[in-house]
Amino acid sequence: MSTPPPSAAGKKVTFRAKEASTCPVCQESHNREQILQGGGRLIAGSQTKELRRNYEKNKKFGRVNPLDYAVVTCPKCLFSSFSKDFNSLSGPEIQALKEKAEFRKQYITKILGPLDFSEDRNLASGAASHLLAIECYQLRLPTIAPTPKKAISSIRAAWYFGDLHEEFPHLGYNKVADLLYQKAATYYGMTLEYMQTGSEPVEQATGILGPDLDNNWGFDGVVFLNAYLTMKFRNEMAPDPEAQAKLLSRSKVPLAKLYGMGKASKGKPGPILDMSKELYEEYQSVLESLGGEK
């Protein structure tokens, strides 16, 4: 695939941190790019059913998306991580990430073409940063709760590839987006399981669960997105009606609890309760068409 050109730079949107960050994997130093606050740079639009905040294109500054800067990426070895985990690597993790450095470069180049992470972020490098985060968290230890972070990175990457498809509809980025949504559904389901079993300290991810940056829906968002994505991609995730019924029955249980607790508590946020009610009714209807719950 060819590399999409970066979006128009417009006026100043970001700045470089004065203090350099040193990559714990390859020791490369770089000054992290960060978004400037205020000044009318962000124009918040609607929120989608995937709990994504849309941002309108800014006449003064062009395209602005704070998610471009949510992942720290080393411009040399492409180690990528949320900032809270960037310097918390163990010896075995460093070694595993070093060994995969060339793979990361080839992987990103194959999907998005050559990218330079020492330059300012754009739509393509924003997408790449979240893809790289998924790959890097595959090599992290359970002690930092990598699974919910892979779920967050997967759904954000899916959003980016949806945007890329709108910009470049002939490059097949919609297929990449669908695969990433399915990854997200799997990781969200695993996160719910680990919340019950304690296999990972998922509470460590509470502050970044999002899934977007303007409103952190926390574990309510995990429950809702697990149910939403499972319903949306049930045909791809389950090969036959009986398997689909089992899959949906599992996802319906936490959704029902979310909806039920929302009805009983005035403290539950209205938007996610309304969406949970609508999704719960869809679950009821689809499961009935599949022969009932399993």
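Residues numbered from 1 in each chain as written. Predicted model: local features only at pLDDT ≥ 70, side-chain atom pairs only at ≥ 80, totals over all residues. Heavy atoms only, no water.

Caption draft 1: The arrangement of the overall build of the protein chain in detail. Along the backbone of the protein chain there are 9 helices and 8 strands. Computed over C-alpha atoms, the radius of gyration of the protein chain comes to 20 Å, within 12% of the 19 Å expected from 2.2 N^0.38 for 294 residues, which places it in the range of a compact globule. In terms of overall dimensions, the protein chain has C-alpha extents of about 55 × 45 × 40 Å along its principal axes. Looking at the 294 residues of the protein chain, the share that counts as buried comes to 49%. Of all intrachain contacts in the protein chain linking residues separated by at least 6 positions in sequence, the fraction that spans at least 24 positions is 67%. Carbon and sulfur atoms provide 51% of the accessible area of the protein chain, an area that totals close to 14,000 Å². Across the protein chain, the mean location of the 38 positive side-chain charges is 3 Å away from that of the 33 negative side-chain charges. (Helix = DSSP H or I, 4+ residues; strand = E, 2+ residues; numbered from the N terminus. Rg over C-alpha atoms; globule rule 2.2 N^0.38 Å. Buried < 20%, exposed > 50% of the residue type's maximum accessible area, 1.4 Å probe, protein only. Contact = heavy atoms within 4.5 Å. Areas by Shrake-Rupley, 256 points an atom, 1.4 Å probe, with all protein chains shown as cover. Lys, Arg positive; Asp, Glu negative; His and termini not counted. Charge placed at Lys NZ, Arg CZ, Asp CG, Glu CD.)

Caption draft 2: Up close: the pattern of salt bridges. Taken as a whole and judged by the stated rule, the model has 10 salt bridges. Among the salt bridges present, the one from Arg-16 reaches Asp-120, with a minimum N-O distance of 3.0 Å. Of the two residues, Arg-16 sits in strand S1 (residues 14–16) while Asp-120 sits in the loop between helix H2 (101–112) and helix H3 (123–137), which places them 104 residues apart along the sequence. Judged by relative accessible area, which is 32%, Arg-16 ranks as partly exposed. The salt bridge involving Lys-149 is made with Asp-85; its shortest N-O contact spans 2.9 Å. On the criterion of sequence distance, the pair formed by Lys-149 in helix H4 (residues 146–167) and Asp-85 in the loop between strand S8 (80–82) and helix H1 (91–99) is long-range, its members being 64 residues apart. Both residues of the pair, Lys-149 and Asp-85, count as buried. (Salt bridge = Lys/Arg side-chain N within 4 Å of Asp/Glu carboxyl O.)

Caption draft 3: Structural view of the packing of helix H5 (residues 173–197) against helix H6 (residues 218–232). The contact between H5 and H6 brings their axes to 9 Å, and the two run at 135°. When the axes of H5 and H6 are compared, the pair comes out oblique. Between H5 and H6 lies a crossing whose hand is left-handed. Residues Tyr-181, Ala-184, Ala-185, Tyr-188, Gly-189, Thr-191, Leu-192 and Met-195 of H5 touch H6, and the partners they reach there are Phe-219, Val-222, Val-223, Leu-225, Asn-226, Leu-229 and Thr-230. (Axes fitted to C-alpha atoms, helices over the stretch in contact; angles between N-to-C directions. Parallel < 35°, antiparallel > 145°, perpendicular 65-115°, else oblique. Left-handed = near helix turned anticlockwise from the far one by under 90°.)

Caption draft 4: Region of the structure containing the packing of aromatic side chains. Counting across every chain of the model gives 7 aromatic pairs. Here Phe-224 and Tyr-228 contribute two aromatic rings whose centre-to-centre distance is 6.0 Å and whose plane-to-plane angle is 20°, an arrangement assigned as stacked. Here the residue Phe-224 and the residue Tyr-228 both occupy positions in helix H6, the gap between them amounting to 4 residues, near one helical turn. Above the plane of the ring of Phe-103 lies Lys-100, whose end atom (NZ or CZ) is 4.8 Å from the centre. (Phe/Tyr/Trp six-rings, centres within 6.5 Å; stacked < 30°, edge-to-face > 60°. Lys NZ or Arg CZ within 6 Å of the ring centre and 35° of its normal.)

Caption draft 5: Here's a closer look at the confidence of the model for the protein chain. Chain-level pLDDT for the protein chain is 90 on average; 93% of the residues reach the 70-or-more range. Segment residues 1–10 is flagged for pLDDT under 50; beyond a separation of four residues in sequence, or across chains, it makes 24 contacts in the model. (pLDDT = per-residue confidence, 0-100.)

Caption draft 6: Representation of the pairing of strand S5 (residues 44–47) in the model. Of the strand pairs in this sheet, S5 and strand S6 (residues 53–55) are connected by 2 bridges, and their pairing is antiparallel. Among the inter-strand pairings, Gln-47 is bridged to a residue of S6, identified as Arg-53. Hairpin remark: S5 followed by S6, antiparallel, with 5 residues in the connecting loop; positive phi at Leu-51, about 65°. (Pairing = 2+ DSSP bridges.)

Caption draft 7: Local environment of empty space enclosed by the protein. Taken as a whole and judged by the stated rule, the model has 1 cavity of 30 Å³ or more. In terms of lining residues, the largest cavity is bounded by Arg-16, His-30, Arg-32, Glu-33, Tyr-69, Val-71, Val-72, Thr-73, Phe-117, Glu-119 and Arg-121. Ranked by residues supplied to the lining of the largest cavity, first place goes to strand S7 (residues 71–73) with 3 residues. Here the lining of the largest cavity is built from residues that sort into 4 nonpolar, 2 polar and 5 charged. (1 Å grid on protein atoms, 1.4 Å probe; cavity = no way out; pocket = protein on both sides within 12 Å on 5 of 7 lines; lining within 4 Å. Points joined across faces, edges and corners; volume = space filled by probe spheres on them. Nonpolar A, V, L, I, M, F, W, Y, C, P; charged D, E, K, R; others polar.)

Caption draft 8: Examining the state of the cysteines more closely. Going through the model one piece at a time under the given rule, you end up with 0 disulfides. Cysteine Cys-23 remains unbridged, with the sulfur of Cys-77 as its closest cysteine sulfur at 3.6 Å. Of all cysteine sulfurs in the structure, the one in Cys-74 sits closest to Cys-26, which takes part in no disulfide; the separation is 3.5 Å. (Disulfide = S-S within 2.5 Å.)

Caption draft 9: Just H2, in detail. Along its 12 residues, H2 runs 17 Å from first to last C-alpha, staying within 8% of the 16 Å computed at 1.5 Å per residue. Taken residue by residue, H2 has Ala-101, Arg-104, Ile-108, Ile-111 and Leu-112 as its buried positions. For H2, the angular spread of the buried residues around the axis is 100°, confining them to a single face. Pointing more than 90 degrees away from the buried face of H2 are the exposed residues Gln-106 and Lys-110. Summarising the contacts, the buried residues of H2 are in contact with H1, H3, H4 and H5. Positioned one or two residues after H2, Gly-113 has a phi angle of 85°, which is positive. (Expected span 1.5 Å × (residues − 1). Arc of directions from axis to C-beta.)

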